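# Working through the structure, step by step
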Amino acid sequence: MIERYTRPAMGRIWSDEHRLRSMLRVEEELLKALAPSKAIPSSELKAFKKLMEKSLLEASRRKESSAGHEVIGLLSAVAGELKSKAPKVDRYLHYGLTSSDVLDTGLALQMRDACDLLIAGWEEVSRRLKVLARKHEKTWMVGRTHGVHAEPITFGIKVAGWHAEALRCLRRLRAARETISYGKVSGAVGAFSQLSPEVEATVLDALGLRPEAVSTQVVPRDRHAEYFHALVLSSCAIERFALEIRHLQKTEILELEEPFSQGQKGSSAMPHKRNPILCENLSGLGRLIRSQESAVVENCLLWHERDISHSSNERVILPDAHIALDFMLARLAHVLDGLQVNASRMKVNLESSHGLVFSQKVLLRLIDAGLGRLEAYDLVQRNAMKTWKGAGTLRQTLDNDAEVTKRLSGHDLDACFDLEPYGASAREILKRGGCL
């Protein structure tokens, strides 16, 4: 991922340096597990641990360039440092392992730690959504379906829906963290031909991972696909919120505005512009993450006990998706911190359709007065279309329709156009959305 979208903590997890260090952690725990039976001195284990604090990236790359093999390059770099001072470590390094033991187990460590940052990001976002929903529990606006005025809601109800989805994203990520926290130390084809399941359990337990039940030479990629789907759905949620803000920031609507800082420029050509660029940025990054899912799913289809067709795209997709989603969560938190809610404009827009948003209430009141549903629907629609074409408010057109007034009194009609009943369940909705 380019530096523009890389936040420091997530960037460190996916750096080449940290990747190698994660692999060496697996090697270290294997050496510790083998130490009693292979008589590896504690002093040599300490020397290995100290070596892990040093950067081996350049040396590893030099060795890899000649060996044509990443893991052998790393092992050669370690051997070059420890051969004389830690001969037992040099001898038993990578003992009984295959490359995927350290690659896949190290990757699990990276993904687990990266997932922790994403969970923390969603927690920050959900806290802001909860505050926003509570603040606007009674801020009236029009609900829209198909982009057309539907019935009145409050902005708090809308945000409660966002918060409920944020909680679902959190639950999915926490479950995905468990799904991906598996490693393998089972050898070349996963049959424990050189090391025992007990050694694997010892190594993985020390790393905070669980053993893959049947690993072949790799941890099966359905785990990674399931995990990645949680990232995809998180990107969908963020973009859904961002898309709503973008729609409601249109000049003719202008109910919401994303933050626009002092001195910020909206357009190189038009000085008046205040464009929703932060939310548009979120939409673009969301598309990027979703576009990667097909490759992650395709990685489930490896030959026999393994091939490495998954390796090349994972080196790009997994870092980029985590880094992008981490950035998206931080940017969404920033947008929510500075979100301008134009309550007065919401009220104006709600009233701009001249009472049409209350049509269902009139329909049901006519049904209660004895009309059949279809007859009542046609009666209300006939008057609504007059209002739609500019013949007056819906209340006025209904007043002028004798078929309506012979069934509903003025008091009945007034009750149909009362806004407050539409918010009667707002508190219950906020509770259901986890906001109260």
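Our structure's up above, just so we're on the same page.
In what follows, the accompanying structure is described.

Here is what the cut-offs are and how they apply
- Here, residues in each chain are numbered from 1, in the same order as that chain's written sequence.
- In keeping with the predicted nature of the model, local features appear solely for residues at pLDDT of at least 70, side-chain atom pairs appear and are counted solely at 80 or more, and the whole-chain, interface and lining totals rest on all residues.
- Side-chain numbers come from the whole structure's heavy atoms, not from hydrogens or water.
- Nonpolar cores are built from buried Ala, Val, Leu, Ile, Met, Phe, Trp, Tyr and Cys residues. Side-chain atoms within 4.5 Å join them into one set.
- Burial status follows relative accessibility: with a 1.4 Å probe on protein chains alone, a residue under 20% of its type maximum counts as buried, one over 50% as exposed, and anything between as partly exposed.
- The way it works is that DSSP assigns letters per residue, a run of H or I at least four long becomes a helix, a run of E at least two long becomes a strand, and they are numbered from the N terminus.
- Throughout, a contact is declared for two residues whenever any of their heavy atoms are within 4.5 Å.
- Given a helix with a known number of residues, its expected span is that number minus one, times 1.5 Å.
- Working definition for bend: take the seven residues up to and ending at a residue and the seven starting at it, fit an axis to each, and measure the angle between the axes.
- The disulfide definition used here is simple: a pair of cysteine sulfur atoms within 2.5 Å.
- Between N-to-C directions, angles cover 0 to 180 degrees, with each direction set by a line fitted to C-alpha atoms, over the stretch in contact for helices.
- Should an angle lie under 35 degrees it is considered roughly parallel, over 145 roughly antiparallel, and from 65 to 115 roughly perpendicular; all remaining angles are considered oblique.
- Crossing handedness: left-handed means the near helix sits turned counterclockwise from the far one by under a right angle, and right-handed means the same turn made clockwise.
- Under the grouping applied here, Gly and all other residues not named as nonpolar or charged are polar, the nonpolar ones being Ala, Val, Leu, Ile, Met, Phe, Trp, Tyr, Cys and Pro and the charged ones Asp, Glu, Lys and Arg.
- Each salt bridge in this description consists of a side-chain nitrogen of Lys or Arg and a carboxyl oxygen of Asp or Glu lying within 4 Å of one another.

Moving on, we come to the nonpolar core. Residues Trp14, Trp122, Phe155 and Phe228 are the most contacted members of the largest nonpolar core, which totals 64 residues. Elements that contribute at least two residues to this core include exactly α1 (8-13), α7 (99-135), α8 (155-180), α10 (222-248), α11 (277-291) and α13 (309-337). It is α13 that contributes the most residues to this core, 13 residues altogether. Among residues more than four places away in sequence, those in contact with phenylalanine 228 are Ile289, Gln292, Glu293, Val296, Ile317, Leu318 and Ala321. Judged by nonpolar contacts, the second largest core, of 36 residues, contains Leu20, Leu24, Val89 and Val102.

Its 23 residues give helix α2 (residues 16-38) an end-to-end C-alpha distance of 31 Å, which sits within 8% of 33 Å, the value for a rise of 1.5 Å per residue. At lysine 32, α2 shows its largest kink, close to 30°, and the proline proline 36 lies no more than four residues downstream. Immediately beyond the C-terminal end of α2, within one or two residues, lies alanine 39, with a positive phi of roughly 55°.

The next thing to look at is the state of the cysteines. Under the definition given, this model contains zero disulfides. Free cysteine: cysteine 115, not disulfide-bonded; nearest cysteine sulfur from cysteine 169 at 12 Å. Residue cysteine 115 is classed as buried on the basis of its relative accessible area, which comes to 0%.

The next subject is the packing of helix α4 (residues 57-67) against helix α5 (residues 70-82). For the pair α4 and α5, interaxial distance at closest approach is 7 Å and the crossing angle is 130°. The angle between the axes of α4 and α5 places the two elements in the oblique class. α5 is crossed by α4, and the crossing has right-handed handedness. Residue-level inspection shows Ala59, Ser60, Lys63, Glu64 and Ala67 of α4 in contact with α5, the latter providing Glu70, Ile72, Gly73, Leu74, Ser76 and Ala77. When the residues that make up the contact of α4 with α5 are grouped by side-chain class, the tally is five nonpolar, three polar and three charged.

Scanning the entire structure with this criterion turns up 34 salt bridges. Measuring nitrogen to oxygen at the nearest pair gives 3.2 Å for the salt bridge that ties glutamate 29 to lysine 32. Placement of the pair is glutamate 29 and lysine 32 together in helix α2, with a separation of three residues, close to one helical turn. On the accessibility criterion, glutamate 29 (13% relative accessible area) is buried. On the basis of relative accessible area, lysine 32 is assigned to the partly exposed category, the value being 41%. Linking glutamate 403 and arginine 382 is a salt bridge whose minimum nitrogen-to-oxygen distance equals 3.6 Å. Placement of the pair is glutamate 403 in helix α18 (residues 402-405) and arginine 382 in helix α16 (residues 373-388), with a sequence separation of 21 residues. One continuous salt-bridge network, built from bridges that share partners, spans Asp116, Arg177, Glu178 and Arg210.

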